[in-house]
Amino acid sequence: MDGTTLQGIRTALRGPVITAEDAAYDEARKAYNAMIDRRPAAVVRCRDAGDVRDAVTAIRERGLEIAVRGGAHSGPGLCLVDDGVTVDLSPMSGVRVDPAARTAQVGGGSLLADLDHAAHAFGLGVPAGIVSTTGVAGLTLGGGHGHLTRKYGLTVDSLRSADVVLADGGFVTANEREHPDLFWALRGGGGNFGVVTSFTFDLHPVDTVVLGLTLWPLDRIRDVLRWYREFLPQAPNDLNGFFAELTVPPAPPFPEEIHGRKMCGVVWCVTADPDEAEQALAIVDEPGPPDFHFTTPMPYPAVQSMFDGLMPPGLQWYWRGDFFDRITDEAVEVHAEYAERLPTGLSTMHMYPVDGAAHEVAPGDTAWAYRDAVWSGIVAGIDPDPANAERIRQWCVEYWEALHPHSMGGGYVNFMGTGERQDRVRATYRDHYDRLADVKRTYDPGNFFRANQNIAPSAPS
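Described below are features of the structure shown in this document. (Residues numbered from 1 in each chain as written. Predicted model: local features only at pLDDT ≥ 70, side-chain atom pairs only at ≥ 80, totals over all residues. Heavy atoms only, no water.)

## Thoughts on the overall build of the protein
A count of helical and extended segments in the protein gives 14 helices and 18 strands. Relative to the compact-globule value of 23 Å for 461 residues, the protein shows a C-alpha radius of gyration of 22 Å, a close match. If one aligns the C-alpha atoms of the protein with their principal axes, the spans along those axes are about 70 × 50 × 45 Å. By residue count, 60% of the 461 residues in the protein fall in the buried class. Of the contacts formed within the protein by residues at least 6 apart in sequence, a portion of 73% connects residues at least 24 apart. For the protein, the accessible surface area stands at approximately 17400 Å², while carbon and sulfur atoms represent 49% of it. For the protein, the separation between the mean place of its 39 positive charges and that of its 62 negative charges on side chains is 5 Å. (Helix = DSSP H or I, 4+ residues; strand = E, 2+ residues; numbered from the N terminus. Rg over C-alpha atoms; globule rule 2.2 N^0.38 Å. Buried < 20%, exposed > 50% of the residue type's maximum accessible area, 1.4 Å probe, protein only. Contact = heavy atoms within 4.5 Å. Areas by Shrake-Rupley, 256 points an atom, 1.4 Å probe, with all protein chains shown as cover. Lys, Arg positive; Asp, Glu negative; His and termini not counted. Charge placed at Lys NZ, Arg CZ, Asp CG, Glu CD.)

Quick look at the structure:
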């Protein structure tokens, strides 16, 4: 980027334009995943939608590549591009709740913590994620699931409207009445269609929930998984529980005698009355008595943030995911093998439920193409030491490759890892892909927004 170009962009914007000459540059180009080390020509911190429009126009007119940053949790680091410009929305983190209408208007740079805090003051919330430092924008555009999915559906099922800056610098509001084709595509199609500067969500009643943590020894994983696969899909929607393989961290509420042990378990979030929740969780003895079982009422934002300290920014990450409509006996054996081989203390595998209320939305109503999935699985190699980067990547890839034949063929777009092929993007969207490509042609015919899990525009008919 030459000096004239840089000065032109700086002149156009209210927010700061950060380059390698600035002391803030290395901090500005950090991603949540420390495996990502990209050097954009500039990071543009936009203060409002006007800044975003001017930034998009300036970047396009100068022939530069663009990336968009919300919470920077993208595993492959899609929020950064070498020698291009990152449009950083982090200053746009305001949340305005209308408790009477039960809606929240959420800035494109907001984190889940911002949304959870603002909505919780009114006893309301949105089904979104399990780590509060996640960006609202990226999670939502990929579809979004979390602790409340069985009760209230996917994140996109609560999306009412979105304000979008398009590739040509235009600004539109997309909802069921205005630009409905774009609104359909935004609900699961990723960051392919523009920069969303504001989301409007419907909010749902959620205040204090019951958190449950149940752990069994790893040699019981086969019994636990066979029980879990039968129990959870039949459970009331008030009960959400994701299955996990883990090394027990040396921290409360876990007793010292299980610190550092490889175990399997379920993380529960129950929206029912606490007494009813305790009754619902009385079933944990069915696959055999657990070595650890803990329940407590907690404010919903506290549940959302309970992994933040364990998974801070700056760790090495490599992940891959798939959707599953069943957990076969063969898949159980794969899980048992690779759980024993967890390569580091933070590496894990999660199976998130995406049934319940998420199944009540028709398959064609949103771009999310797996309304028949029961679980969204992720294998994640994680460690603070860069020396272990290849080790955790290899374990993740081998685990995923062994498990993939027992999946539905595609995975959650937000769980795609670095280096996955374009056919994986197509598999993510099934028969929605061609429709998404048509929407792309309408709103971004030049594929300006391509630093993403890309959907290329369809050819003119």
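## Description of the nonpolar core
Within the largest apolar cluster, 86 residues are counted, with the highest numbers of intra-cluster contacts made by Leu182 and Leu186. With 42 residues, the next largest nonpolar core counts Leu218, Tyr228, Phe231 and Val266 among its residues. (Core = buried A, V, L, I, M, F, W, Y, C linked by side-chain atoms within 4.5 Å.)

## Description of the packing of aromatic side chains
By the definition in use, this model includes 22 aromatic pairs. Of the aromatic side chains, those joined through ring pairs into one cluster are Tyr32, Phe242, Phe307, Trp317, Trp319, Phe323, Tyr352, Trp368, Tyr370, Tyr412 and Phe415. In this arrangement the basic side chain of Arg320 is found over the ring face of Trp400, its NZ or CZ atom lying 5.2 Å from the centre. One Lys or Arg, Arg435, reaches over the ring of Trp184 and ends 3.7 Å from the middle of that ring. (Phe/Tyr/Trp six-rings, centres within 6.5 Å; stacked < 30°, edge-to-face > 60°. Lys NZ or Arg CZ within 6 Å of the ring centre and 35° of its normal.)

## What to know about the environment of Pro445
You can see Pro445 is positioned in the segment after helix 14 (433-443). Overall, the relative accessible area of 57% leaves Pro445 in the exposed class. Distance in space between the C-alpha atoms of Pro445 and Asp181 is 15 Å, their sequence separation being 264 residues.

## Description of the sheet that holds strand 10 (residues 195-202)
Pairing in this open sheet of five strands is antiparallel, and the strands run 5-6-10-8-9 from one edge to the other. Pairing within the sheet leaves two strands with one partner each, and these edge strands are strand 5 (95-98) and strand 9 (171-174). Between one strand axis and the next, the sheet turns through 10 degrees on average, direction left out of account. Both strand 8 (residues 159-165) and strand 9 contribute to a ladder of four bridges, which runs antiparallel. Looking across to strand 9, one finds that Asp163 is bridged to Thr173. Contacts from helix 4 (residues 112-120) reach strand 5 and strand 6 (103-107), with the element oriented near 30 degrees to strand 5. (Pairing = 2+ DSSP bridges. Axes fitted to C-alpha atoms, helices over the stretch in contact; angles between N-to-C directions.)

## Notes on the sheet that holds strand 15 (residues 292-299)
As summarised here, the arrangement of the seven strands in space is 15-12-14-13-17-18-16, forming an open sheet in which the pairing is antiparallel. For this open sheet the edge positions go to strand 15 and strand 16 (316-324), each flanked by a neighbour on one side alone. Within this sheet the neighbouring strands show an average axis-to-axis angle of 15 degrees, counted without direction. Strand direction decides the pairing type here: strand 16 and strand 18 (residues 375-383), joined by nine bridges, are antiparallel.

## Focus on the layout of surface pockets
In this structure, the second largest pocket encloses a volume near 490 Å³. If you go around the second largest pocket, you meet 25 residues; those closest to its centre are Lys30, Ala31, Tyr32, Arg69 and Ala72. Per element, the largest residue contribution to the lining of the second largest pocket is three residues, and it comes from helix 2 (residues 25-28). Class assignment of the residues belonging to the lining of the second largest pocket gives a composition of eight nonpolar, eight polar and nine charged. (1 Å grid on protein atoms, 1.4 Å probe; cavity = no way out; pocket = protein on both sides within 12 Å on 5 of 7 lines; lining within 4 Å. Points joined across faces, edges and corners; volume = space filled by probe spheres on them. Nonpolar A, V, L, I, M, F, W, Y, C, P; charged D, E, K, R; others polar.)

## Remarks on the packing of helix 11 (residues 329-340) against helix 12 (residues 389-403)
For any two helices packed against each other, the geometry is given by the interaxial angle and the distance between the axes. Across the interface, helix 11 lies against helix 12 with an axial gap of 9 Å and an inter-helix angle of 165 degrees. By the angle class used here, helix 11 and helix 12 are roughly antiparallel. Where helix 11 crosses over helix 12, the two elements pack in a sense that is right-handed. From helix 11, Ala331, Val334, His335 and Tyr338 reach across to helix 12, where they touch Trp395, Glu398, Tyr399, Ala402 and Leu403. Across the contact of helix 11 with helix 12, the residue classes tally to seven nonpolar, one polar and one charged. (Parallel < 35°, antiparallel > 145°, perpendicular 65-115°, else oblique. Left-handed = near helix turned anticlockwise from the far one by under 90°.)

## Digging into helix 14
Within helix 14 the residues assigned to the buried category are Tyr433, Leu436, Ala437, Val439, Lys440 and Tyr443. Each buried residue of helix 14 lies within a common arc of 160 degrees when the element is viewed along its axis, so the set occupies one face. In the core, the buried residues of helix 14 are packed alongside helix 7 (180-186) and helix 13 (422-429). (Arc of directions from axis to C-beta.)

## Observations regarding the pattern of salt bridges
Tallied over the entire structure, the rule returns 28 salt bridges. Asp22 is the partner of Arg10 in a salt bridge, and the nearest nitrogen-oxygen pair spans 3.3 Å. Linking Arg10 in helix 1 (residues 3-12) with Asp22 in the loop between strand 1 (17-18) and helix 2, this pair joins segments that are 12 residues apart in sequence. Owing to a relative accessible area of 29%, Arg10 belongs among the partly exposed residues under this scheme. The partly exposed category is assigned to Asp22, whose relative accessible area is 30%. With a shortest N-O distance of 3.1 Å, Glu333 and Arg222 are connected by a salt bridge. With Glu333 in helix 11 and Arg222 in helix 8 (residues 221-231), the pair connects residues that are 111 residues apart, well separated along the chain. By relative accessible area, Arg222 is classed as partly exposed at 33%. Residues participating in the shared-partner salt-bridge network are Arg222, Arg226, Arg229, Glu230, Asp329 and Glu333. (Salt bridge = Lys/Arg side-chain N within 4 Å of Asp/Glu carboxyl O.)

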